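Structural features, examined
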Amino acid sequence: MSVFTTVTPDDLAPFLKRYYIGQLVDLKGIAAGITNTNYFVTTTHGRYVLTLFEALQSSDLPYYVNLTAHLAHHGIAVAAPIANIDDQYTDTLNGRPTLLVPCLPGTVVDEPNVAQCAQVGEMLAQMHLASRSYPAHMPNPRGVQWWADTAAEVMQYLDADTAARLQAEVDLQLRQDYTTLPQGVIHADLFRDNVLLDGDRIGGFIDFYYACNDALLYDLAIALNDWCREEDGDIDRARAEAMLQAYQSVRPLETAEFAAWPVILRGAALRFWTSRLLDFYKPATGEMTYAKDPTQYERVITHHAQRQDFWLTPAPV
Ligand SMILES: Nc1ncnc2c1ncn2[C@@H]1O[C@H](COP(=O)(O)OP(=O)(O)OP(=O)(O)O)[C@@H](O)[C@H]1O
Ligand SMILES: N[C@@H](CCO)C(=O)O
């Protein structure tokens, strides 16, 4: 249950007076999500989502919040932040920084189909292009060096075989230079639970709190590793081809990206293998004792390492 900070209708009444969204009708905590407190707020004008940030400080928020405003301005399906009477996107409630956005249509889909993977690929490419005019810059706090540092931190808990495989993956990634690939703003966590789908249509991309500037191809690899993944960590060909073709219908990959693709797929998997190992063996104090399965991403890497074909048709000349 992800309500860490309780909000009552009495707490909310003075807060809502700072917005032009009508009067409160209903307030309901949202169970999904593991980092922040989220509430559905229904007013006489409509339905909204109120987020109370549990870890991020007000000073951290502008990059993420202005990014979603920028993307919404360009027609990407994201929840555009709502400004308060002081024309600020963020406010404060019960000692936490807050954000109020409209409720987007759709639900999280656990078993996406080919058409849905194509939609995600297409909108991800649109998002990458639309954010080229976004002026702010944020280095990736969870880049290759973070994978290496995190692997070193959890190595002591692993059996010798797993530790050796983890170290080999880290060494492989430390030898790469992804900075020569096309760069831009990436979502960096575009898993199934961060996209709302309304049938085959995208209701919206949500949860931009890992967004940063990095290689665009890395973002595509993160999305593909989740959206097209089977239970055993293998990738489903039909979904992968659909996602890649749809992405490339908007932003064709460059020759250097074709070359980097097989290894960056493993890097994108290593990012979540290491973060899940860290959450599993060294959960942060006060964090919910809920950790996703690290071995899922170990298996993704094993499959990628054995693969000959990476679903890409030859690069256009
Ligand atoms: N704009 C929105 N419209 C509709 N539902 C939303 C919206 N934003 C969030 N939600 C709902 O709230 C849930 C939790 O949101 P989110 O995944 O952002 O939680 P979090 O705790 O902030 O992040 P995380 O779980 O990645 O740590 C989502 O699964 C979705 O059901
Ligand atoms: N999407 C991440 C969790 C949130 O960052 C994972 O599945 O490990």
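Per an unreviewed UniProt entry, the protein is named Homoserine kinase, and its organism is Amantichitinum ursilacus. Listed under Catalytic activity (unreviewed entry) in UniProt, the entry text for the protein is "L-homoserine + ATP = O-phospho-L-homoserine + ADP + H(+)". Heading Sequence similarities (unreviewed entry) of the UniProt record for the protein holds this comment: "Belongs to the pseudomonas-type ThrB family."

Points about the overall build of the protein
Secondary structure summary: the protein contains nine helices and nine strands in total. Dimensions of the protein along its principal axes, counting C-alpha atoms only, are 60 × 45 × 35 Å. Across the 317 residues in the protein, those meeting the buried criterion constitute 38%.

Concerning the site of ligand 1
Taken together, 18 residues lie around ligand 1, and Ala32, Gly33, Thr35, Asn36 and Ala79 are the ones closest in. Of the residues assigned to the shell around ligand 1, the class counts are 11 nonpolar, five polar and two charged. Taken together, domain 1 (9–102) and domain 2 (114–306) each give at least three residues to the shell around ligand 1, which thus spans both.

Let's talk about the environment of Leu129
Mapping Leu129 onto the fold places it in helix H3 (residues 114–130). Taking the C-alpha atoms as reference points, Leu129 and Val250, 121 residues apart in sequence, are found 8.6 Å from one another. Not counting residues up to four positions away in its chain, the partners in contact with Leu129 are Val250 and Arg251.

Digging into the UniProt feature "domain: Aminoglycoside phosphotransferase" (unreviewed entry) in the protein
Under the local residue numbering, the UniProt record ascribes the feature "domain: Aminoglycoside phosphotransferase" (unreviewed entry) to residues 27–253. Taken end to end, residues 27–253 is 36% helix and 19% strand, and its two terminal C-alpha atoms sit 45 Å from one another.

With respect to the confidence of the model for the protein
Taken over all residues, the pLDDT of the protein has a mean of 95, while the share at 70 or more is 97%. What the predictor reports for the complex is a pTM of 0.96 with an ipTM of 0.94.

Points about the pairing of strand E4 (residues 90–93)
Of the two faces of E4, the one holding Asp91 and Leu93 is buried and the one holding Thr90 and Thr92 is not buried anywhere. Pairing analysis gives four bridges linking E4 to strand E5 (residues 96–102), with the strands arranged antiparallel. For Thr92, the partnering residue across the bridge sits in E5 and is Pro97.

Section: the sheet that holds strand E1 (residues 24–29)
If you trace the five strands from one edge of the open sheet to the other, you get E1-E2-E3-E5-E4, paired in antiparallel fashion. A single partner strand is all that each edge strand has here, and the edge strands are E1 and E4. Pairs of neighbouring strands in the sheet enclose a mean axial angle of 30°, with direction left out of account. Pairing geometry for strand E2 (residues 37–43) and strand E3 (residues 47–52), over six bridges, is antiparallel. In the strand pairing of E3, Thr42 is matched with Arg47.

Focus: the domain arrangement of the protein
The domains assigned to the protein are domain 1 (9–102) and domain 2 (114–306). Relative placement of domain 1 and domain 2: their C-alpha centres are 27 Å apart. Taken together, the 14 residues of domain 1 in the interface contact 19 residues of domain 2. Along the lines of polarity and charge, the residues of the side of domain 1 that touches domain 2 split into 10 nonpolar, four polar and no charged.

Let's talk about the pairing of E2
Of the strand pairs in this sheet, E1 and E2 are connected by five bridges, and their pairing is antiparallel. Pairing of Gly29 across the sheet is with Tyr39, part of E2. Hairpin geometry of E2 and E3 is characterised by an intervening segment of three residues between the two adjacent antiparallel strands and by a positive phi of about 160° at Gly46.

Rules used in this analysis
- Residues numbered from 1 in each chain as written.
- Chains lettered and ligands numbered in written order.
- Predicted model: local features only at pLDDT ≥ 70, side-chain atom pairs only at ≥ 80, totals over all residues.
- UniProt positions renumbered as here; feature names shortened; annotations may be inferred.
- Helix = DSSP H or I, 4+ residues; strand = E, 2+ residues; numbered from the N terminus.
- Buried ≥ 20, exposed ≤ 12 C-beta atoms within 10 Å, placed from the backbone.
- Near = placed C-beta within 6 Å.
- Nonpolar A, V, L, I, M, F, W, Y, C, P; charged D, E, K, R; others polar.
- Domains from an automatic or database assignment.
- Contact = placed C-beta atoms within 7 Å.
- pLDDT = per-residue confidence, 0-100.
- Pairing = 2+ DSSP bridges.
- Axes fitted to C-alpha atoms, helices over the stretch in contact; angles between N-to-C directions.

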